[in-house]
Amino acid sequence: MSDDKILAASAPVTAAPRKHRDPLALIVRFQSLIGLVLVAIGGIIFSPRRHGEILFLNPDNIANIVRAVSETGIIAIGMTFVIITAGIDLSVGAVLGLSSVVTASMMISGGFGLIPTILAVLVMGIVFGAIQGTISTRFRLEPFIVTLAGLQAARGLALVVSGNQYINISYGDGPGLAPPVFAVLGERLFNNTVPVATLVFIVFAAIATIVLNTTRFGRYVFAVGGNERAARISGVPVSMVKISVYAITGFAAALAGIVHAGQFNFGSANDGMGYELTAIAAVVIGGTSLFGGAGSMVGTVAGTIMLGALANILQLNNITPAMQLLATAAIIVLAAVLQSLVRRREGLGR
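Residues numbered from 1 in each chain as written. Predicted model: local features only at pLDDT ≥ 70, side-chain atom pairs only at ≥ 80, totals over all residues. Heavy atoms only, no water.

Quick notes on the overall build of the protein
- Across its full length, the protein holds 15 helices and 6 strands.
- The C-alpha radius of gyration of the protein comes to 21 Å, within 12% of the 20 Å expected for a compact globule of 350 residues.
- Each principal axis of the C-alpha atoms in the protein carries an extent, and together these give about 65 × 55 × 35 Å.
- The contacts in the protein between residues at least 6 apart in sequence include a share of 76% that link residues at least 24 apart. (Helix = DSSP H or I, 4+ residues; strand = E, 2+ residues; numbered from the N terminus. Rg over C-alpha atoms; globule rule 2.2 N^0.38 Å. Contact = heavy atoms within 4.5 Å.)

Some words on the pattern of salt bridges
- Summed over all chains, the structure comprises 3 salt bridges.
- A salt bridge links Glu228 to Lys242; the nearest nitrogen and oxygen atoms lie 2.8 Å apart. With Glu228 in helix α11 (residues 228–233) and Lys242 in helix α12 (residues 238–264), the pair connects residues that are 14 residues apart, well separated along the chain.
- A network of salt bridges, in which partner residues are shared, links Glu228, Arg232 and Lys242. (Salt bridge = Lys/Arg side-chain N within 4 Å of Asp/Glu carboxyl O.)

Overview of helix α13 (residues 275–285)
- Taken across its 11 residues, α13 has 8 buried, putting it largely inside the fold.
- Taken from the residues just after α13, Gly287 is the one with a positive phi, measuring 100°. (Buried < 20%, exposed > 50% of the residue type's maximum accessible area, 1.4 Å probe, protein only.)

Here we look at the packing of aromatic side chains
- Applying the stated criterion to the full structure yields 4 aromatic pairs.
- Pairing Phe204 with Phe251 gives two aromatic rings, centres 5.9 Å apart and planes at 45°, and the pair type is tilted. In this pair, Phe204 sits in helix α9 (residues 196–214) while Phe251 sits in helix α12, placing the two residues 47 residues apart along the sequence.
- Here Arg138 stacks its cationic end above the ring of Phe139, 5.6 Å away from the centre of that ring. (Phe/Tyr/Trp six-rings, centres within 6.5 Å; stacked < 30°, edge-to-face > 60°. Lys NZ or Arg CZ within 6 Å of the ring centre and 35° of its normal.)

With respect to the nonpolar core
- If you look at the biggest cluster of nonpolar residues, it comprises 78 residues, and the most contacted ones within it are Ile74, Ile169, Phe182 and Val236.
- The element that contributes the greatest number of residues to this core is α12, accounting for 12 residues.
- Not counting the four nearest positions on each side in its chain, Ile169 is found in contact with Ala104, Met107, Ile108, Ala178, Phe182, Ala261, Asn265 and Phe266. (Core = buried A, V, L, I, M, F, W, Y, C linked by side-chain atoms within 4.5 Å.)

Considering helix α6 (residues 92–108)
- When the terminal C-alpha atoms of α6 are compared, their 24 Å separation across 17 residues agrees well with the 24 Å that a helix rising 1.5 Å per residue should span.
- Among the 17 residues in α6, 17 count as buried, and that is most of the element. (Expected span 1.5 Å × (residues − 1).)

Considering the UniProt feature "transmembrane region" (unreviewed entry) in the protein
- Mapped onto this numbering, the UniProt entry gives "transmembrane region" (unreviewed entry) at residues 26–47, 68–88, 108–131, 194–212, 243–261 and 322–342.
- Each end of residues 68–88 is marked by a C-alpha atom, and these two atoms are 23 Å apart; helix forms 76% of the span and strand 0%.
- Across residues 243–261, helical content stands at 100% and strand content at 0%; the span's end C-alpha atoms are separated by 27 Å. (UniProt positions renumbered as here; feature names shortened; annotations may be inferred.)

Some remarks on unusual backbone geometry
- The phi dihedral of Asn164 is positive, around 60°, even though this residue is not glycine.
- Examined against the element boundaries, Asn164 turns out to sit in the loop between α8 (143–162) and β3 (167–168).
- The phi dihedral of Asn318 falls on the positive side, at around 60°, and the residue is not glycine.
- Here Asn318 lies in the loop between α14 (297–316) and α15 (321–345).

Brief notes about the packing of helix α3 (residues 31–46) against α14
- Interhelical geometry of α3 versus α14 gives an angle of 20° and a closest axis separation of 9 Å. Taken together, the axis directions place α3 and α14 in an arrangement best described as roughly parallel. By crossing handedness, the relation of α3 to α14 is classed as left-handed. Each of Ser32, Leu33, Gly35, Leu36, Val39, Gly43 and Phe46 in α3 lies in contact with α14, whose residues at this interface are Gly299, Ala302, Gly303, Ile305, Met306, Ala309, Leu310 and Ile313.
- Here the residues of the contact of α3 with α14 sort into 10 nonpolar, 5 polar and no charged. (Axes fitted to C-alpha atoms, helices over the stretch in contact; angles between N-to-C directions. Parallel < 35°, antiparallel > 145°, perpendicular 65-115°, else oblique. Left-handed = near helix turned anticlockwise from the far one by under 90°. Nonpolar A, V, L, I, M, F, W, Y, C, P; charged D, E, K, R; others polar.)

Describing the side chain of Thr85
- Examined against the element boundaries, Thr85 turns out to sit in the loop between α5 (70–84) and α6.
- Once residues within four sequence positions are removed from consideration, Thr85 is found in contact with Val221, Val224, Gly225 and Val245.

Laid out in structure tokens, this is it:
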């Protein structure tokens, strides 16, 4: 059966088409871009001034924003695949911590070179994610439960590897030193303006966008999330798709862990706490449906930057972290409510 027929068969049953596009559906579709524009405008209006300069628009401040969201953005890109299939992965923050610890340990204690270390950590992330996907699919367990257990497992492994100690990364040639080239992850390029971590985020997002929008695998991801039963009947390898998206998320978390170790020059078992919630928030704000079957990488990137810009403008105005969390929570709830309203108006139920 052709891919078009598979997608047609797996699409959810909807109410009769409307003659005009639902304005609310359009808002939900572009909510991340709309939100990003509104936050940017708010940042300009409420930004503190210094010698007449708007601090929010200062190039160094913009670079700080995109650098700060690079790690959660990388994770959010992987999370988008999972959420489109109507799944969830709560282990990504802990996998980031485990990856940062293994990265530091392999180079400092194990004496491994840069390429073997990176390859080993990325494979570890893929395997960890694939195991979770396999358990969830094979035993028909809720991804929430499986990945919650995975969170605990990854955090425990990180504590064992690190001995519950920071593993500092020092650079140079010889035993106990990491290759100096690894330090580039903490630097900025193009006249010291663009963080290397941000470039990693952008490249990964571009590749993920191509995979999701132009490949057969991407079409299968949407089909599984839209209507799993119909997708299976139409010949989509549902189990393999589900396992694959968790493997992708594991890869993303491991990549973020490598970037984290390179930016901060250490590995810690406690790194990445709460990153899973920030990543999920970015995906939801980006317009990806928690019910599955709809989403975009562009929206996820916009949602990630929007959260970073919002946190930045609140910090510039000395707003307490508690208020920052409340503001983020309000935005997440609003995005979820809008998604629910659109589904009800289109006759898709809850």
